[in-house]
Amino acid sequence: MNSAPIGIFDSGVGGLTVVRSVLDRLPHEQVLYVGDTANSPYGPKPRADVRAMALAVMDRLVDDGVKMLVIACNSASAVALPDARKRYETGRGIPVIEVIRPAVRRAVAASRSGRIGVIGTQVTVDSRVYEDALSATPGLHVTMQACPDFVPLVERGVTTGPDVLTAAHRYLDPVRAANVDTLVLGCTHYPLLAGAISYVMGEDVTLVSSATETANDVYRTLVERGLERDPAAGSPQHRFVATGAAEPFAALTRRFLGPEVTTIETA
Ligand code: DGL
């Protein structure tokens, strides 16, 4: 048993989709969440910058005493995972969970035709990390698509309406034309746009959220390593920290996560 918080981060509010899934499975756990809103969005930035920003957030979470790190961001997972594993897992014994392999596993299991689409940020698409991971399974046909307007929409709280649908058609019509039967939401902001994404892709296409799959990895790792929080330790006190302005992060955190949100800080 270990009552320290789980450290979870993203460039903004997207990683809350992972937090939601983690708390659904592990309601006694305590979360320390950082939205790196001072540096958001990560997607259009050079990979070296995203790596440095992600490692700075993880250094801070480790200094705050977390028992596990969850990179709730595909962009940061795509460019910082080897460094993070070396620095925190090998160096400090703190397990590091990321979002890409869990989603790939689920997509491979879900696809019947072997035609898989992946949508993500520019830095994630350019990293080719999804093609690499999917290439372990022979015979797949992979269609990649960057969706740069999606994250700014979500960070403004716009998750439905004409702007979302217009962007969804622009990015997803070509993916649909590629005849995929499975679409990986390869950015943790995208499950918040799942209504529009599913509407455009059609009901015959299975959407794979990296958030739910990653939460299963968090559960598995905590249980295997005996790191679960003792329910007798009392109600969890979560902390949510924005590295930039308090709003709209605070309002969106309440909206996307719900009643678990108690303390919101800026730093
Ligand atoms: N939610 C993140 C991801 O999964 C970051 C998006 C961004 O900041 O561009 O890629």
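That block above? That's the structure.
Residues numbered from 1 in each chain as written. Predicted model: local features only at pLDDT ≥ 70, side-chain atom pairs only at ≥ 80, totals over all residues. Heavy atoms only, no water.

A. Layout of the overall build of the chain. Within the chain, the secondary structure is distributed over eleven helices and ten strands. At 18 Å, the chain has a C-alpha radius of gyration in line with the 18 Å of a compact globule built from 267 residues. Each of the three principal axes of the chain carries a C-alpha extent, and together these read 50 × 40 × 35 Å. Within the span of the chain, comprising 267 residues, buried residues form 54% of the whole. Of the contacts made within the chain by residues no fewer than 6 positions apart, 78% connect residues no fewer than 24 positions apart. With the model as given, the accessible surface of the chain reaches about 10700 Å², and the carbon-plus-sulfur share is 50%. Of the charged side chains in the chain, 26 are positive and 29 negative, and the gap between their average positions amounts to 2 Å. (Helix = DSSP H or I, 4+ residues; strand = E, 2+ residues; numbered from the N terminus. Rg over C-alpha atoms; globule rule 2.2 N^0.38 Å. Buried < 20%, exposed > 50% of the residue type's maximum accessible area, 1.4 Å probe, protein only. Contact = heavy atoms within 4.5 Å. Areas by Shrake-Rupley, 256 points an atom, 1.4 Å probe, with all protein chains shown as cover. Lys, Arg positive; Asp, Glu negative; His and termini not counted. Charge placed at Lys NZ, Arg CZ, Asp CG, Glu CD.)

B. Spotlight on the site of the ligand. Surrounding the ligand, one finds 13 residues, the nearest of these being S11, Y42, N74, S75 and H189. Taking S11, its side chain carries an N or O atom lying 2.6 Å from an oxygen atom of the ligand. H189 places a polar side-chain atom, nitrogen or oxygen, 2.7 Å from a nitrogen atom of the ligand. Here the ligand has 300 Å² of accessible area as a free molecule, and 99% of this is covered by the chains. Here the shell around the ligand is built from residues that sort into five nonpolar, seven polar and one charged. (Near = heavy atom within 4 Å. Polar contact = N/O pair within 3.5 Å; in protein donor to acceptor, adjacent residues only side chain to side chain. Nonpolar A, V, L, I, M, F, W, Y, C, P; charged D, E, K, R; others polar.)

C. Focus on the nonpolar core. The biggest cluster of nonpolar side chains holds 94 residues, and the ones touching the most others in it are F9, F150 and I197. Broken down by element, the residue count for this core peaks at eight residues, all from helix 2 (residues 47-63). In this structure, F150 is in contact with I119, A167, A168, Y171, Y190, L193 and I197, ignoring residues within four places of it in sequence. (Core = buried A, V, L, I, M, F, W, Y, C linked by side-chain atoms within 4.5 Å.)

D. Structural detail: the packing of aromatic side chains. Applying the stated criterion across every chain yields a total of four aromatic pairs. Both rings, one in Y33 and one in F240, keep their centres 6.2 Å apart while their planes meet at 45°; by these two values the pair is tilted. In this pair, Y33 is assigned in strand 2 (residues 31-35) and F240 in strand 9 (residues 239-242), connecting sequence segments 207 residues apart. For the pair formed by Y33 and F240, the shared burial category is buried. Taken together, the ring pairs in this structure connect Y33, F240 and F249 into an aromatic cluster. Here R170 stacks its cationic end above the ring of Y171, 4.9 Å away from the centre of that ring. (Phe/Tyr/Trp six-rings, centres within 6.5 Å; stacked < 30°, edge-to-face > 60°. Lys NZ or Arg CZ within 6 Å of the ring centre and 35° of its normal.)

E. Helix 1 (residues 16-25), seen in detail. Of all ten residues in helix 1, seven are buried; the element is thus mostly enclosed. Next to the buried residues of helix 1 lie strand 1 (6-10), strand 2, strand 3 (68-71), helix 10 (210-224), strand 9 and helix 11 (249-257).

F. Inspection of the packing of helix 8 (residues 162-177) against helix 9 (residues 194-201) at higher detail. Where helix 8 meets helix 9, the axes come as close as 9 Å, and the angle between the chain directions of the two elements is 45°. Classified by the angle between their axes, helix 8 and helix 9 sit oblique to one another. Crossing of helix 8 over helix 9 shows right-handed handedness. Note on element contacts: helix 9 touches helix 8 through A196, I197, Y199, V200 and M201, opposite V164, L165, A168, H169, L172, D173, V175 and R176. Counted by class, the contact of helix 8 with helix 9 contains ten nonpolar, one polar and two charged residues. (Axes fitted to C-alpha atoms, helices over the stretch in contact; angles between N-to-C directions. Parallel < 35°, antiparallel > 145°, perpendicular 65-115°, else oblique. Left-handed = near helix turned anticlockwise from the far one by under 90°.)

G. A look at the side chain of S210. In this fold, S210 is placed in helix 10. A polar side-chain atom of S210 sits 3.5 Å from the main-chain carbonyl oxygen of L185. When residues no more than four places from it in sequence are discounted, the contact partners of S210 are N74, V99, A103, L185 and T188.

H. Structural context of the sheet that holds strand 7 (residues 182-186). Taken in spatial order, the four strands of this open sheet run 6-5-7-8, and their pairing is parallel. Lying at the two open borders of the sheet, with one neighbouring strand each, are strand 6 (141-146) and strand 8 (206-209). Going from strand to strand, the sheet's axes swing by 20° on average, the running direction of each strand aside. Of the strand pairs in this sheet, strand 5 (residues 115-120) and strand 7 are connected by five bridges, and their pairing is parallel. Directly across from G120, in strand 7, lies its bridge partner G186. Its contacts with the sheet put helix 8 on strand 5, strand 6 and strand 7, and the angle it makes with strand 6 is roughly 170°. (Pairing = 2+ DSSP bridges.)

Spatial relationships are all this shows, so hold off on functional conclusions.
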